[in-house]
Amino acid sequence: MTTAPHTEQARGRVAAVGPTPAAAPDDVIRTSGLTKRFQGGQLAVDGLDLTVPRGSVFGFLGPNGSGKTTTIRMLMGLIAPSSGVATVLGAPMPQSVGAVLPRVGALIEGPALYGFLSGRDNLARFDAADPTSDPRTRARRVTEALDRVGLTAAAGKKARAYSLGMKQRLGLASALLQPRELLVLDEPTNGLDPQGMREIRALVREVAAEGTTVFLSSHLLDEIEQVCTHAAVMSKGRLVVQGTVAELAGRAQGRLVVRTPDVAAARDVLVQHRVTDLRTDEARLDGLATAVDEESLPRLCAALVSAGVRVHGFGVERGTLEDAFVALTGEGFDVAG
Amino acid sequence: MSQAEVSPAEVSRTEVSRTEASAAVGAGPRRQTAAGFAALFRSELWLTFRRTRTIALLGILAVLPVLIGVVVRIETGDSSNGGGPAFIAQVSQNGLFLVFTALALALPIFLPMTVGVVAGDSIAGEAATGTLRYLLVAPAGRTRLLAAKFTAGLVFCLAATMAVVVAAVATGAALFPLGEVTLLSGDTIGLGAAVVRAVLVAGVVALSLSGLVAIGLFISTLTGSGIAAMATTVGLVITVQILDTFPQLHAIQPFLFTHQWLSFGDLLRQPMHWDNVLQNLGLQALYVAVFGSAAWARFTSRDITA
Ligand SMILES: Nc1ncnc2c1ncn2[C@@H]1O[C@H](COP(=O)(O)OP(=O)(O)OP(=O)(O)O)[C@@H](O)[C@H]1O
Ligand SMILES: [Mg+2]
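Residues numbered from 1 in each chain as written. Chains lettered and ligands numbered in written order. Predicted model: local features only at pLDDT ≥ 70, side-chain atom pairs only at ≥ 80, totals over all residues. Heavy atoms only, no water.

A. Local environment of the pattern of salt bridges. The final tally for this structure, using the stated rule, is 25 salt bridges over all chains. For Asp27(A), the salt bridge identified is with Arg30(A), shortest N-O distance 2.3 Å. By relative accessible area, Asp27(A) is classed as buried at 15%. Among the residues examined, Arg30(A) registers a relative accessible area of 26% and is labelled partly exposed. The residue Arg201(A) makes a salt bridge to Glu223(A) at a minimum N-O spacing of 3.1 Å. Here Arg201(A), found in helix H6 (residues 194-209), pairs with Glu223(A), found in helix H7 (residues 221-227); they are 22 residues apart in sequence, far enough to count as distant. The same class applies to Arg201(A) and to Glu223(A), which are both buried. Taken together, the salt bridges that share partners define one network made up of Arg125(A), Glu44(B), Glu126(B) and Lys149(B). (Salt bridge = Lys/Arg side-chain N within 4 Å of Asp/Glu carboxyl O. Buried < 20%, exposed > 50% of the residue type's maximum accessible area, 1.4 Å probe, protein only. Helix = DSSP H or I, 4+ residues; strand = E, 2+ residues; numbered from the N terminus.)

Here it is in structure tokens:
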């Protein structure tokens, strides 16, 4: 892997198309020590070592202000790192933007459109910006991309008359104008209604099934759990953890869940059996079952029943990413960076 | 729950087939083509003239000769010609002279104002709306995008000049006689030869604005606000022309980009005087080189955070 410092070479970033180094064919994105300090002194990304395997749907997770968008901007050659190296599709960024970016579709910090152009003309404009795209197939590819995101009916409408969801879809369409090896989506479901979110997620899965690696940033844990195979968690510019989603969720402790109308009585029994971090709801309570193992689980259930608790449900729920995050960082997820 | 919901476990199971499929997607880098490279330049021109703002600016420029023509027509109806710019006296004798009069009146303020708006907004406007980041990840290439913006700016200069010329010819033909043209040197040339001179003058006027396009482009790379860039560029044009009137600044005035703007009048003599015109074009080339390089240096090294 290349480690040449390159902040000084940033000017050469309008590189011509050339052969891509054959390095690291299996990692679509690789960063080492990637750091961005903004002019004001704000350290937005701090020594990031990220590895995104080919074929993965990679969730890039972190609360507001944790440095997700800044990382993506560095990966896309929009801003130069203060130090460290970013490699995308085997070539260093931002020096190789000309060779790499035609193979990458991106949605960065929400869609941006020409309000006075129709959706179709917006796509034609962005397609014309790519010197490797063929003007003869442009009309067809634009039509297909519009169709793919379900915007065919609104294709002729001025983009300023689009709803937020329609704009988001048009942004996605522009990322899908060509077959891509990598799709970078920065909070693609921001501002969408639940139906819109489901459609975008279905689209992400569809694109991934075609073999495109998807790098998806989000601050929604359940979104990552639903669509991603791998995930990395950012907090205050630093990488907290990365791995497969199953691995990460597995690191979270399971929670014991009891469903009963007799919450108070059940609570007493659970406290006696050293279940900690108890949370109670109207007809449900759960807690950390650190002291409870396979063997003592039936006994705990029996204890509940003999205490007169009407047990409607009883079991250990698998850990979620949120639990993992809390366990890893010792703080809630929604804190600002 | 919709059928689209898949558990993480299922997703990881599909992972293997996905990795196999990955060979099919985008086999390596695609080649840049000449047509693909030129597409951004065409797109840029098309975008410039699709804007209502551009059309409105051209419209304002076209109204100017009409107003001048009407005023001259009314003024010369009763009195003999008095003072005023050198060309105005000729207008009532020959409608074609309205072209030169209108250009002479539009060049100090109106033409550079419209050019300042278009050039000043070129990069900053895209940064403000966020479309700049999508052009750059397309990837447009920073140098290529700058070149396309500069080209569109030059074409706008030509379009703006032509808006004045065409409106002036139409108004001149409608309100005044056309025929042989008496030049500023007193010689008379035929209508055909006069039209050739008009085309030449239009070309020189359009090129006179090229330095300003480069300046506007440079200012446009400095800020993320289109309005700020436009205002700065237009403000600069006005300031420079005020500086050009101070006798104390005699030493630097030949280097001001507006200094030789009105030298196109030298082409309306027999024989044509090219000295000042060439000096003007040379000065514009210098401004294009200096501010073009500055814009390039700034734009290719700048963080795009908008
Ligand atoms: N242009 C800039 N200049 C200075 N600081 C910046 C700039 N852009 C971002 N930052 C700071 O860098 C940090 C990371 O911001 P970034 O936009 O990368 O976060 P994020 O993870 O994308 O957040 P969100 O979930 O809100 O989109 C923040 O503290 C932010 O204030
Ligand atoms: Mg962000």
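Here the narrative resumes.
B. Molecular detail of the site of ligand 1. The environment of ligand 1 is made up of 13 residues, and the closest members are Asn64(A), Gly65(A), Lys68(A), Thr69(A) and Thr70(A). At the site occupied by ligand 1, the surrounding residues belong to chains A and B. Gln42(A) is positioned with one of its side-chain polar atoms (N or O) 3.0 Å from an oxygen atom of ligand 1. Burial of ligand 1 by the protein amounts to 68% of the accessible area it has alone, namely 640 Å². In terms of residues, the shell around ligand 1 owes the most to one element, helix H1 (residues 68-75) of chain A, which gives three residues. Counted by class, the shell around ligand 1 contains three nonpolar, eight polar and two charged residues. (Near = heavy atom within 4 Å. Polar contact = N/O pair within 3.5 Å; in protein donor to acceptor, adjacent residues only side chain to side chain. Areas by Shrake-Rupley, 256 points an atom, 1.4 Å probe, with all protein chains shown as cover. Nonpolar A, V, L, I, M, F, W, Y, C, P; charged D, E, K, R; others polar.)

C. Inspection of the sheet that holds strand E11 (residues 255-259) of chain A at higher detail. Residues and elements named next belong to chain A. Strand order in this open sheet of four strands is E12-E13-E11-E14, and the pairing throughout is antiparallel. Of all the strands in the sheet, just strand E12 (276-280) and strand E14 (313-317) have a single pairing partner and so form its edges. Each adjacent strand pair in this sheet contributes to an overall mean axis angle of 15°, direction not counted. Of the strand pairs in this sheet, E12 and strand E13 (residues 284-288) are connected by three bridges, and their pairing is antiparallel. (Pairing = 2+ DSSP bridges. Axes fitted to C-alpha atoms, helices over the stretch in contact; angles between N-to-C directions.)

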